[in-house]
Structure formats: structure tokens, C-alpha cells
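# Working through the structure, step by step
This is what each chain is made of:
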Amino acid sequence: MNRGLGRSALGIVLLFLASTLLTAIDTPSQVDIPPFEHLPSGAESPSDGVMDIVLMGNSYTYQNDLEQRVAATFEDIGLSNNVTRLASGGMRLEQHANRATTSADPWNLALTESPSLDVVVLQDQSQIPSFPESEPMWQASRSAVISLDAQIEEAGAVTMLMMTWGRRDGDAGHPTLNPDFSTMQANLEHGYLAFAEAASTDERAVFVAPVGLAFRHIHDAIVGSGGTPTDGGTLFHSLYASDGSHPSLRGSYLAACVLHASLTGQPTAGLSDGGLGLASDVLLSLQQAADATVFNETTGFAYPWGTPLEEIDPWNLTGREIAVPDGFTQNSLMDYSDVAVLINNRSEASRTIGWAFAAAREIPPNHVFLFDHASTPTGETINRNQFNTYFAD
């Protein structure tokens, strides 16, 4: 179990102050997920205490009232918010930019008459970002992002692009370019990242919320288990409405979770479903997909709340005591298949970091164990020598 010990020690280094430990798994038992307490955001808090966000998009945005889904996630963590939308069917970023420069237009007023505006989320027509860069519509969208970001910056707000998802069975209108979900998603990813890069400067970043990559996370997990994602009855299939393009309630909830994590730097595991009536296993799967995508699979992305993880050296542990004589390897850092998370359930900090870590590393609930003895300390670290005393029966 040496590899498990290596990851166990890593968990102790990362989570020691919160009384949350990792250990190699032998025979885990199922436990219920306790109420989730959230990490404080690394992002700068809104100056007026209210997160003021405008979503500019089209039917992908107004389907299932995405702004309400996002607002509900903020309310779950006690964050006052005002999330609104400006959307119309099929709208392109070029059209958003045109309206934003038209005097007295609602788009223009949203950017010029909202002194407390914090974030504007931009979503393009569902196909355009997947087009080749030589296509005029692709170029028009890129120019629109640059134009809109200039206005958003003038308003004192942050610009975030919402990367959308490939169509479930590919784009029937462009079968050669986008024959299936995976190809279309790769093309969309390229487009949105190129738009963001074109508008970003050394002083200001345009951010991307990787919603489509969370769809891909679920798609690829099914492929990895030997299944066919597009088959009816799979979680991936259920992310879409009957047209295989627009989001179902599950798809919109997944999008809201990705936006929440991308904007706040806080995990979504443990949030409510905002009254959607999702089954608990589906709810957790969607939350884990969002958290894994933002915190574990897009380490090269810039987010409003911190430095890209790829710029942080995980091996720079100078001055820390590590119980791994041979040191870590890349494999031992990334492989959590035989790891359990041990959480002091009577410590708010331990619950916060423990469940966030489990969600980000896709450690299933039946690999999570709780210290919950009546005499378990509520504010101090539990070390290995105290397992037998404080571990829940």
C-alpha cells in the first residue's frame, strides 16, 4: 500500500489544519453526505455585498431560466445576488455587441447605468465558435468579444464567456465539421478560448466558464466505463432536451454549477438543486462533474478567484514535514483510486475542505469516512494516533 500512503501523506499536508485526512482504502462503508459548508471565496467580494451579474445569451441561456438556477446556487451559500439575463433566440455575440452600443437599448443601459455591475457572462450562438477561424461569423464573434469587453471594463465589471456544449449527436447542419459530440466540443473549446485570448491583455483577463467541458466530463466517464453516452437512459443523454441541442433541466443545472464554481472558486457539492426535484445521486453526479471540471481538469484556465493551478508548483513543499521517504511521483499525485477521505464531521473547516477535496478528485461518497464520536474535538486536528478514539463506529 505504499502508493496509497504517498497520497495519504499528501492529503495530510494539504488538509491538516482542517482535521481532514486521506488514507488508503481497504473495505469502505457507505456514509451519508452531511450538510456542506463552503470554502471562503478567493475572489474579491462585491463592494456592495451583492453579486450583480448579467447573462447575455440566447435560448441556451433562457431555457430553464439559467439566471434563476445560478442565483439559487448563490443563495445556498448566503451570497446576496442580482442575476438577470438579456437573451433572445439564436442571438450571436455580434448582435449583443451591436445592441450594447445602441443608445437607450436595454443592452446598452445594462452596461452604462449599472454602477454595481460585477460580472457579464457572454454566450454565443451554439455553432459559431466551432467554425474555422477563417469564417466571417467566427471573426465577427471574436471582434464582438473585444468590443463588449471594452464596455464591460468601462463599467468596472468582469467578462466571462460561457463555453457551451456540443450537440448530443453532432451538428446535422455541419456533419463534416462537427460529426459527433466530441469533435464539436473540441471545436467549441478552441473557439471560446481563442475569443478570450483575443480580448485579454496583460492587465486584464477575459475568463471562460467551461460548461461544455463538464458535459464532456460526463460523456467521457460513460465511455470509460464501456458505455455509449448517447444511449437513452444515460446521464449524458439526459442533459439534453428532446432536440439534442438545448439543455434539459439537468443540463441547465450543470451549467449553473459550472458558473458558480467558475465565478466564486467554491465547490458545488452539497448545494441544493434549487427546487428542481433532482434525485440525490443525479444531483451529486452533476455537482461532482462541475467541480472536477473547474478545479481539476482546467488547471490552465484563468479564473477570477486565483492563479491558474498549472502555475503552482505542487512539489514545492519546503519546510513541511512529509511522511513519504521516497517522495511523490506524478502518478501518486494524480491517482486517487484507492484513497479514502477522513473528515472530522464536528469541525466546520474539516467538512468544508474534505467534501470539496472529494468532489474535485471524484472520490465517491462510499470512500468518505466521518469522525463523529460524541467526544470528537470540534476545532482541533485529529492525528493518526487518535483514529481509534474518535472514528465513528
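Refer to the structure above for everything that follows.
No experiment lies behind these values; they were computed from the predicted model shown. Position labels on residues start from 1 in each chain and follow its written sequence. At least 70 in pLDDT is required for a residue's local features to be given in this predicted model, at least 80 for side-chain atom pairs to be given and counted, and no such filter applies to totals for whole chains, interfaces and linings, which use all residues. Side-chain metrics rest on all non-hydrogen atoms present in the structure, leaving aside hydrogens and water.

### Focus on the overall build of the protein
Strands are runs of DSSP state E lasting at least 2 residues, helices are runs of H or I lasting at least 4, and numbering of each runs from the N terminus. When helices and strands are tallied, the protein shows 13 helices and 8 strands. Contact criterion: two residues are considered in contact whenever any of their non-hydrogen atoms come within 4.5 Å of each other. For the protein, long-range pairs separated by at least 24 residues make up 73% of all intrachain contacts whose partners lie at least 6 apart in sequence. Computed with the Shrake-Rupley method and a 1.4 Å probe, the accessible areas treat only the protein chains shown as cover for residues. Working note: accessible area of the protein is about 17,000 Å², and carbon and sulfur atoms make up 48% of it.

### Let's talk about the pairing of strand β2 (residues 51–57)
Relative accessibility thresholds used throughout: buried, under 20% of the residue-type maximum; exposed, over 50%; partly exposed, between the two (1.4 Å probe, protein chains only). Most of β2 sits inside the fold, with 7 of its 7 residues counted as buried. The alternating pattern of β2 places M51, I53, L55 and G57 and D52, V54 and M56 on opposite faces, both of which are buried. Any two strands with at least two DSSP-identified bridges between them are counted as paired. As paired strands, β2 and strand β3 (residues 81–87) are joined by 7 bridges and run parallel to one another. Residue pairing for β3: L55 is matched across the bridge by R85. One ladder, built from 4 bridges, connects β2 with strand β4 (residues 119–122); its direction is parallel. Of the residues in β4, the one forming a bridge with M56 is L122.

### Notes on the environment of G166
Here G166 is to be found in the loop between β5 (158–162) and α7 (181–199). Sequence separation between G166 and Q127 is 39 residues, and the spatial gap between their C-alpha atoms is 8.4 Å. Beyond its immediate sequence surroundings of up to four residues, G166 is in contact with F181, M184, Q185, L188 and Y240.

### Considering α7
For a helix, the expected span equals 1.5 Å multiplied by the number of residues minus one. The first and last C-alpha atoms of α7 sit 27 Å apart over 19 residues, in line with the 27 Å expected at 1.5 Å per residue. Listed in full, the buried residues belonging to α7 are F181, M184, Q185, L188, E189, G191, Y192, A194, F195, A196 and A199.

### Digging into the nonpolar core
By nonpolar core is meant a set of buried Ala, Val, Leu, Ile, Met, Phe, Trp, Tyr and Cys residues that side-chain atoms within 4.5 Å join together. Residues I53, L161 and L254 are the most contacted members of the largest nonpolar core, which totals 81 residues. Sorting elements by how many residues they give to this core places helix α9 (residues 249–264) first, with 9 residues. Counting 9 residues, the second-largest nonpolar core is a separate cluster that includes V341, I343, F357 and A358.

### Brief notes about the packing of aromatic side chains
To pair, rings of Phe, Tyr and Trp, with the six-membered ring standing in for Trp, must have centres within 6.5 Å; the planes then decide the type, stacked if under 30 degrees apart, edge-to-face if over 60, and tilted in the middle. Tallied over the entire structure, the rule returns 10 aromatic pairs. On the basis of an interplanar angle of 65° and a centroid distance of 6.2 Å, the ring pair of Y192 and F195 is categorised as edge-to-face. Taken together, the residues span about one helical turn, with Y192 and F195 both in helix α7 at a distance of 3 residues. Centre to centre, the rings of F215 and Y240 are 5.6 Å apart; their planes meet at 80°, and the pair counts as edge-to-face. Of the two residues, F215 sits in helix α8 (residues 211–224) while Y240 sits in the loop between α8 and α9, which places them 25 residues apart along the sequence. Of the two residues, F215 and Y240, neither departs from the other in class, the shared state being buried. Connected via pairs of aromatic rings, a cluster forms that spans Y60, W165, F181, F215, F236 and Y240.

### Quick word on the pattern of salt bridges
The salt bridge definition used is simple: a Lys or Arg side-chain nitrogen within 4 Å of an Asp or Glu carboxyl oxygen. Scanning all chains against the criterion turns up 8 salt bridges. The partner of D149 in a salt bridge is R204, with the nearest N and O atoms 2.9 Å apart. With D149 in helix α6 (residues 136–154) and R204 in the loop between α7 and β6 (207–209), this residue pair connects regions lying 55 residues apart in the sequence. R204 shares its class with D149; the two are buried. Between R167 and D171 there is a salt bridge whose closest N-O contact spans 3.6 Å. For D171, a relative accessible area of 2% translates into the label buried. Because the salt bridges share partners, they merge into one network encompassing D65, E67 and R85.

### Looking at the sheet that holds β4
What the 5 strands build is an open sheet, ordered β3-β2-β4-β5-β6; its pairing is parallel. In the strand order of this sheet, the two ends are held by β3 and β6, each with one partner. Sheet twist, expressed as the mean angle between neighbouring strand axes with direction ignored, is 25°. Interaxial angles span 0 to 180 degrees and are taken between N-to-C directions of axes, which are lines fitted to C-alpha atoms, for helices over the stretch in contact.

### A short note on the pairing of strand β7 (residues 339–344)
Every other side chain in a regular strand lies on the same face of the sheet, so the side chains alternate between the two faces. Within β7, 6 of the 6 residues are buried, leaving the element largely enclosed by the surrounding structure. In terms of strand pairing, β7 meets strand β8 (residues 368–371) through 4 bridges, oriented parallel. Residue pairing across strands places V341 opposite V368, the latter belonging to β8.

### A closer look at the packing of α9 against helix α10 (residues 280–295)
Where α9 meets α10, the closest approach of the two axes is 9 Å, and the angle between their N-to-C directions is 40°. When the axes of α9 and α10 are compared, the pair comes out oblique. The interaxial crossing formed by α9 with α10 has right-handed handedness. Touching R250, Y253, L254, C257, V258, A261 and S262 of α9 are V282, L283, L286, Q287, A289, A290, D291, V294 and F295, all from α10. Residues are sorted three ways: Asp, Glu, Lys and Arg are charged, Ala, Val, Leu, Ile, Met, Phe, Trp, Tyr, Cys and Pro are nonpolar, and all the rest, Gly among them, are polar. Tallied by class, residues from the contact of α9 with α10 come to 12 nonpolar, 2 polar and 2 charged. Roughly parallel refers to an angle under 35 degrees, roughly antiparallel to one over 145, roughly perpendicular to one between 65 and 115, and oblique to any angle outside these ranges. Throughout, a crossing is termed right-handed when the near helix is turned clockwise from the far one, and left-handed when it is turned anticlockwise from it by less than a right angle.

### A word on helix α3 (residues 66–76)
Across the 11 residues of α3, 8 count as buried, placing the element largely inside the fold. Among all positions in α3, only L66, E67, R69, V70, A71, A72, T73 and F74 are buried. Considering only its buried residues, α3 is in contact with β2, α2 (59–62), β3, β5 and α9. One or two residues past the end of α3 sits G78, with phi positive at roughly 75°.

Fair warning: the whole summary comes from geometry, so function is off the table for now.
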